[in-house]
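Chain residues, written in single-letter form:
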Amino acid sequence: MSHYKLDPLDKKIIDLVLKDARIPFLEVARACNVSGAAIHQRIQKLTNLGILKGSQYIVDPEKIGYETCAYIGLYLKDPERFDEVVQALKEIPEVVECHYTTGGFDMFIKIYAYNNHHLLTVIHDKLQPLGLSRSETIISFNEAINRPIAVMDFPEEDSEDGEGDKKNREND
């Protein structure tokens, strides 16, 4: 997988917008000691590269009545139906994440429910009809950490000529 090599300005911009996605470009420009146009161009470039994927408001599920957060490992009766099941999961509003994983699960999902009774209803009425052979549920009592990924420098990897990976990242 190719990686884009972030320069110090890119990193500073990302750090600022991760802290506050609504920060005005001119404020970012002042903090970075560059023009507003330069910030606009950099953010556009980072967006076009897929490094920045938009901005959003985040709703606190508990504040609107979702008291139960659960992670569920799903085992499919027919793993060939994987794509079909993913499409069906997209139609279940309580499902907020779905991951392809290694290990025993065919997929791993995160859901929010109003309470444990609602969780049971979601599993029984919405998930089981998708063709599950079984599932394993883990209820989260509290989210201890939730943060965006840190923007750090990766160690240079050695290649046969010693420069290949570095050149590839710089040219991407």
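Thresholds applied
Residues numbered from 1 in each chain as written. Predicted model: local features only at pLDDT ≥ 70, side-chain atom pairs only at ≥ 80, totals over all residues. Heavy atoms only, no water. Helix = DSSP H or I, 4+ residues; strand = E, 2+ residues; numbered from the N terminus. pLDDT = per-residue confidence, 0-100. Contact = heavy atoms within 4.5 Å. Salt bridge = Lys/Arg side-chain N within 4 Å of Asp/Glu carboxyl O. Buried < 20%, exposed > 50% of the residue type's maximum accessible area, 1.4 Å probe, protein only. Phe/Tyr/Trp six-rings, centres within 6.5 Å; stacked < 30°, edge-to-face > 60°. Patch = residues over 30% accessible without salt bridge, like charges linked within 9 Å, V, L, I, M, F, W, Y side chains within 5 Å. Areas by Shrake-Rupley, 256 points an atom, 1.4 Å probe, with all protein chains shown as cover. Lys, Arg positive; Asp, Glu negative; His and termini not counted. Charge placed at Lys NZ, Arg CZ, Asp CG, Glu CD. Pairing = 2+ DSSP bridges. Axes fitted to C-alpha atoms, helices over the stretch in contact; angles between N-to-C directions.

> Outline unusual backbone geometry, supporting the account with residue identities and numerical values.
Even without being glycine, Asn33 reaches a positive phi, approximately 60°. Among the structural elements, Asn33 can be located in the loop between helix H2 (25-32) and helix H3 (36-48).

> Outline the confidence of the model for the protein, listing residues and values.
Mean pLDDT over the protein: 88, with 88% of residues reaching 70 or higher. The low-confidence segment residues 159-172, where pLDDT is below 50, has 15 contacts with residues more than four positions distant or belonging to other chains.

> For the pattern of salt bridges, give the residues involved together with the corresponding values.
Side-chain pairs of opposite charge can arise whenever the charged atoms involved come near each other. Per the counting criterion, the structure on display carries eight salt bridges. A salt bridge links Arg42 to Asp10; the nearest nitrogen and oxygen atoms lie 2.8 Å apart. Remark: Asp10 occurs in helix H1 (residues 8-19) and Arg42 occurs in helix H3; sequence separation between them is 32 residues. Of the two residues, Arg42 and Asp10, both sit in the buried class. Of the charged contacts, one joins Glu97 and Lys110 as a salt bridge, the two residues approaching to 4.0 Å between their closest N and O atoms. One end of the pair, Glu97, is in strand E2 (residues 95-99); the other, Lys110, is in strand E3 (residues 107-113), and 13 residues separate them in sequence. The exposure class assigned to Glu97 is partly exposed, which follows from its relative accessible area of 33%. Each of the salt bridges in this network shares a partner with another, and the network as a whole consists of Asp7, Asp10, Arg42 and Lys45.

> Go over the packing of aromatic side chains, please, and point to the residues and values.
Inspection of every chain in the model, using the stated rule, returns five aromatic pairs. Ring geometry for Tyr75 against Phe105: centres 5.3 Å apart, planes inclined by 65°, an arrangement best described as edge-to-face. Here Tyr75 is found in strand E1 (residues 68-76), whereas its partner Phe105 is found in the loop between E2 and E3, with 30 residues between them in sequence. Taken together, Tyr71, Tyr75, Phe105 and Phe108 form an aromatic cluster joined through their ring pairs.

> Describe a negative patch on the surface, and please don't skip the residues or the numbers.
Together, Asp60, Glu62, Glu67 and Glu143 make up a negatively charged patch on the protein surface. Position of Glu62 relative to the elements: it lies in the loop between H3 and E1. Classification of Glu62 by relative accessible area gives exposed; the value is 60%.

> Go over the sheet that holds E1, please, and point to the residues and values.
Overall, antiparallel pairing links the four strands, which are arranged E2-E3-E1-E4 in an open sheet. In this open sheet, the two edge strands, each paired with only one partner strand, are E2 and strand E4 (132-140). Averaged over all neighbouring strand pairs, the angle between strand axes comes to 20°, with direction disregarded. One ladder, built from four bridges, connects E2 with E3; its direction is antiparallel.

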